[in-house]
Every structure is written in C-alpha cells, then in structure tokens.
Amino acid sequence: MATNTKNNIKKKDWVSTFTLVGKAIVRDNSFEIDAQSKKSNWVYNSLNLGIDCGEKYGVIYTSMMGGYDKQRTDNVIRTKGKEEENPDRTDYTKSIVIAWEDRFNEDILATVGNDQFYCVGLEKVAEGENKGKTFYKNFLSTYDAITYIKEHIVNGMIVRVTGDLQYSEYQGNVQVKKNIKSIVLSGVESENDFKATFRQSVLIDKESASLKNIDKDKGIMYVDAKVLDYVKEINGVEYRGNYPYTKTFEFKMDFSNEALTRKTFNVLFKVKKGYTQITFEGIFIEGGATVMPTVDDIPDDIKELINIGCYTEEEALKLCATNGKNEKRMVLIKPYIRKRYNDDGTTTNIVQRFEERYTDEDLYIDIPKIVDSANEVADKTNLDNIIDSSKSDNKTESSEDDMSWLDEI
C-alpha cells in the first residue's frame, strides 16, 4: 500500500470537545458486548447512547467502542504519563505502553496521566462517610468501560457526558461523531438545566462567511469552515495525518442592529490572508427537538377549551408542540476564552484566535498522485469531492445513530 508522506498540517491550540446533560436513552440495541468482527480476530464492545437534552437541543447520540485481538498475545494500550514535578498534569511527551493483561494493575495505573482515563460515575456510595456521593471508576480501555456502563446505567437516568468530536466523510457528507470520554450522574433535576454544548476550533478564510449568506428568521449566518481531524487513509491509500474537512456551521447573530452586526463580522470573521484559526463555544440542535408554539399558533377550537377551563394555557401549548424536522445543526455562539497556565504559576486569559495559522499550501493534499502511486483507478467525481469539499453541500448529514462505521472494523 502506497503511503503519502507529505503532511504539513500540525494542529496547535486545537480544541474539539462536547458536553451533554440530559436523560440517557437505553434501548435493547444500545450495547454490543463481545461482538466478533467479520473481517478479523477483533473482539469488541460498542455503545451507541442517545442523550435526551430537552426541547431546545433534542436527542444527541454518543458512542464508544473498543476491544482486542483474540489471537494476539501482545495486545497493548498506549497512553501518556504524568509530569514528574506536577503529577496532576499529563506529560504528553512521555509515552507509556501497557500490556493488555496489566490494564488493571494499580501500580502501573498510578503512572498514567489523569486525563488519559475513561471516567464512569453511575453509582452512589451505599454506606460510610461518603454515603450518597457518586462513586467514580476509571478505565484505561473503552472495552472495560462499556461493560461497566451496561451494568449500571438505567433508562431515563440524568447524566453528564463529555468527550471528543470526531469528523469523517460518508457518502459525500461530513459526519460528526461524539466519542464518550466521561459519563457520570448529574445533579441537575430540571430540564431547564439540560444542555448540549461544544467547543470547536475552526479554520476560516476570506470565502468562509458573508453577511449575504444568512437566515434572518433563524438569526444565523452560515459559516463554511474547515476542521482538522486525523485519518488513516484516503481512497483506500494510507495517509495517516490530519485532514481538512469542510463543515457548514451556523453563527448566532442579532440582525436588528446593523452596526453591531457588521462590527461582529469584522472582528470575528474578516480574514486578510490565509486561514485564521478560531475556537468557538456552541450548541447542538439535533433531530428530536420540539418546536413550541405561541398562543397565536393554537387553533381556535383549542383556544375555546382554554377559555372554558378545560385546559390551562401551558397544557395546551405542550399538547400543540410539534417535533422539528430531522436536523443536525452546530450553532456557534461566541469565541472561547482560554485560561492558560504560565510557568511562574500565574494564569493568562486569551481569546483562541490566531491569524494566518495556515496557508492554502499547508492544507493542500495531492490526492491524485497518491492514487496513481498505488496504481488505483480513481473515480473522478469522488476525488473532486475530497479535494475541494467546499463545492459540496454539507448542510445535510447522515443519521448520527447510523452504525455504518462498524463496517470498518
């Protein structure tokens, strides 16, 4: 298999994470335990868990998968160690290789960076001084974390889920998978406090955004940005590097104030040269969200029932609510301000915006040459979609609970 060795894309100050708070939707097909791959000796556990984040955000699907090769005797877990001077922080230059059979060895686990674990907290302490508090359990492997989650999660349980966003392309559409890093019980009791948020670094150039490409009814401007994510291959040819996917986001704007609208655009989206990297905080709005009507939207015969006291106005509004269309929106709300820790122990707050972070040359991937070197016959249409994905319409995405990614095992 031919390999493309040219990869100028080095991610720096890159953020791609999510946080959900809502009710876990546990179904019979939410878990696969000790499943056997049809293509190899791989044995795996997988989790496809919906989180009902309420009327505003909808149902967001998250995932987790991991396993081992049952024919190998040298399965390992690769992770990172702790800083020697500050054990609470991870030393990302310190690589650790742990034998599969040693993944529960407490002495070895004590050397691993705290953020390298998968954290599960779905139980309450039954007795002792910590009675009633959440019991947290850390895992090095998603395989073991999924087994534990299956044993303790309950349908309707209110949880807080955090993790990483993973981008890929399937049938010409850019998909966003939410990979679980932590799932714990939440102290939230009211649906008003549910949330579905993300932090995402994006790359924008002169063509990414325009005040002509807006939806006044929704109060948003469309932003065609690039996101970087790691890929192992392109068109069946080994690549192993960061790939720039083109993804359409929405930016929340108030168009009632023209001066403020233009100032916001100039401060955040005006690019002089190359690609500006900026990290945003945003929200998910996905299929399953409920559209709440106003009193004026209620039919006259139902209004009459309100007038005679059969229904309260609140009850009628809930009954007349409709399910929104199957949409998957990522709405950018505001730039992310990061707290950076300095060597002298002080902190500095910075806006994660970096001008001229990349050039067109940095992001260019010579896919035709890769295909030629592998003596592959490439479909030109497919190549055009990958080389210049900004030409394709990425506003329509495949279903998040689509499990086609399992075919790659």
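Look a little higher up for the structure.
Now for a look at the structure at hand. Just so we're clear, the structure is a prediction, and the values are computed from it rather than from any experiment. (Residues numbered from 1 in each chain as written. Predicted model: local features only at pLDDT ≥ 70, side-chain atom pairs only at ≥ 80, totals over all residues. Heavy atoms only, no water.)

### What to know about the overall build of the protein chain
Right, so step 1: On a plain count of helices and strands, the protein chain comes out with 8 helices and 21 strands.
Right, so step 2: Among the 409 residues that make up the protein chain, the fraction classed as buried is 44%.
Right, so step 3: The long-range fraction of contacts in the protein chain, counting pairs at least 24 apart against all pairs at least 6 apart in sequence, stands at 69%.
Right, so step 4: Split by element, the accessible area of the protein chain, about 23,100 Å² in all, is 45% carbon and sulfur. (Helix = DSSP H or I, 4+ residues; strand = E, 2+ residues; numbered from the N terminus. Buried < 20%, exposed > 50% of the residue type's maximum accessible area, 1.4 Å probe, protein only. Contact = heavy atoms within 4.5 Å. Areas by Shrake-Rupley, 256 points an atom, 1.4 Å probe, with all protein chains shown as cover.)

### Describing the environment of His152
Right, so step 1: Relative to the helices and strands, His152 is located in helix α2 (residues 142–152).
Right, so step 2: Separated by 32 residues in the primary sequence, His152 and Val120 have C-alpha atoms spaced 9.7 Å apart.
Right, so step 3: At 2.9 Å, the side chain of His152 and the backbone oxygen of Tyr148 are in polar contact. (Polar contact = N/O pair within 3.5 Å; in protein donor to acceptor, adjacent residues only side chain to side chain.)

### With respect to the nonpolar core
Right, so step 1: Counting residues in each nonpolar core, the largest one holds 66 residues, and the members touching the most others are Ile183 and Phe269.
Right, so step 2: With near-sequence residues (within four places) excluded, Ile183 lies in contact with Leu49, Cys119, Val120, Gly121, Leu122, Ile149, Ile153, Val159, Arg160 and Val161.
Right, so step 3: Counting 9 residues, the second-largest nonpolar core is a separate cluster that includes Ile77, Ile96, Ile98 and Leu140. (Core = buried A, V, L, I, M, F, W, Y, C linked by side-chain atoms within 4.5 Å.)

### Description of the side chain of Asp229
Right, so step 1: Along the chain, Asp229 falls in strand β13 (residues 220–234).
Right, so step 2: The charged side chain of Asp229 is buried without a salt bridge, its nearest counter-charge being Lys11 at 4.5 Å.
Right, so step 3: A polar contact of 2.7 Å, which involves the side chain of Asp229, links it to the backbone nitrogen of Tyr167.
Right, so step 4: Discounting residues that sit within four places of it in the chain, Asp229 has contacts with Lys11, Leu165, Gln166, Tyr167, Gly241, Asn242, Tyr243 and Tyr245. (Lys, Arg positive; Asp, Glu negative; His and termini not counted. Salt bridge = Lys/Arg side-chain N within 4 Å of Asp/Glu carboxyl O.)

### Here we look at the pairing of strand β15 (residues 275–286)
In regular strands, side chains alternate between the two faces of the sheet.
Right, so step 1: With 11 of 12 residues buried, β15 is to be regarded as a mostly interior element.
Right, so step 2: Bridging between strand β11 (residues 195–204) and β15 involves 8 bridges; their strand directions are antiparallel. Looking across to β15, one finds that Gln200 is bridged to Phe280.
Right, so step 3: Across 3 bridges, β15 lies against strand β21 (residues 353–358) in antiparallel orientation. By the bridge assignment, Gln277 is partnered in β21 with Phe354.
Right, so step 4: Sheet topology places β15 next to strand β18 (residues 328–335); 7 bridges connect them, and they run antiparallel. The residue of β18 that forms the bridge with Glu286 is Lys328. (Pairing = 2+ DSSP bridges.)

### What about the side chain of Asp144?
Right, so step 1: Relative to the elements of secondary structure, Asp144 occurs in helix α2.
Right, so step 2: On the accessibility criterion, Asp144 (10% relative accessible area) is buried.
Right, so step 3: There is a polar contact of 2.5 Å between the side chain of Asp144 and the side chain of Arg103.
Right, so step 4: Among all residues touching Asp144, those that are not within four sequence positions of it are Arg103, Phe104 and Phe139.

### Observations regarding the pattern of salt bridges
Right, so step 1: Within this structure, the stated rule accounts for 11 salt bridges.
Right, so step 2: Linking Glu281 and Arg199 is a salt bridge whose minimum nitrogen-to-oxygen distance equals 3.6 Å. You can see Glu281 sitting in strand β15 and its partner Arg199 sitting in strand β11, a full 82 residues away along the chain.
Right, so step 3: Accessibility expressed as a relative area gives 22% for Glu281, which makes it partly exposed.
Right, so step 4: Overlapping salt bridges, with partners in common, bring together Asp13, Arg338 and Arg357 in one network.

### What to know about helix α3 (residues 258–268)
Right, so step 1: All of the buried residues along α3 are Thr261, Phe265 and Leu268. The buried side chains of α3 occupy one side of the element, clustering within an arc of 90° when seen end-on. Facing away from the buried side of α3 by more than 90 degrees, the exposed set consists of Ala259, Lys263 and Val267.
Right, so step 2: Residue Asn257 occupies the N-cap position of α3, its side-chain oxygen lying 3.2 Å from the main-chain nitrogen of Ala259. (Arc of directions from axis to C-beta.)

### Examining unusual backbone geometry
Right, so step 1: At Gln171, a residue that is not glycine, the phi angle is positive and equals roughly 55°.
Right, so step 2: Along the polypeptide, Gln171 turns up in the loop between β9 (158–170) and β10 (173–185).
Right, so step 3: On the basis of relative accessibility, which here comes to 65%, the residue Gln171 falls in the exposed class.
Right, so step 4: Of note, the phi angle at Arg240 is positive, near 55°, even though the residue is not glycine.
Right, so step 5: Within the secondary structure layout, Arg240 lies in strand β14 (residues 237–252).

### Brief notes about the environment of Tyr118
Right, so step 1: Within the secondary structure layout, Tyr118 lies in strand β7 (residues 118–124).
Right, so step 2: Taking C-alpha positions, Tyr118 is 9.4 Å from Gly163, a pair spaced 45 residues apart along the chain.
Right, so step 3: Setting aside anything within four residues of it in sequence, one finds Tyr118 in contact with Met64, Lys137, Asn138, Phe139, Leu140, Ser141, Thr142, Ala145, Ile180 and Lys181.

### Thoughts on the packing of aromatic side chains
Right, so step 1: Inspection of every chain in the model, using the stated rule, returns 10 aromatic pairs.
Right, so step 2: Ring geometry for Tyr68 against Tyr143: centres 5.4 Å apart, planes inclined by 90°, an arrangement best described as edge-to-face. Taken as a pair, Tyr68 in strand β4 (residues 59–69) and Tyr143 in helix α2 lie far apart in primary sequence, 75 residues in all.
Right, so step 3: With a relative accessible area of 22%, Tyr68 lands in the partly exposed category.
Right, so step 4: With a relative accessible area of 11%, Tyr143 lands in the buried category.
Right, so step 5: Relative to Phe269, the ring of Phe251 has its centre 5.0 Å away and its plane inclined at 70°; by these criteria the two rings are edge-to-face. Pair noted here: Phe251 is in strand β14 and Phe269 is in the loop between α3 and β15, with a separation of 18 residues, a long-range link.
Right, so step 6: The buried category is assigned to Phe251, whose relative accessible area is 3%.
Right, so step 7: A relative accessible area of 3% means that Phe269 is categorised as buried.
Right, so step 8: Among the aromatic residues, those joined into a ring-pair cluster are Phe251, Phe265, Phe269 and Phe280.
Right, so step 9: Just above the ring of Trp100 sits the side chain of Arg103; from NZ or CZ to the centre is 4.0 Å.
Right, so step 10: Above the plane of the ring of Phe284 lies Lys178, whose end atom (NZ or CZ) is 4.8 Å from the centre. (Phe/Tyr/Trp six-rings, centres within 6.5 Å; stacked < 30°, edge-to-face > 60°. Lys NZ or Arg CZ within 6 Å of the ring centre and 35° of its normal.)

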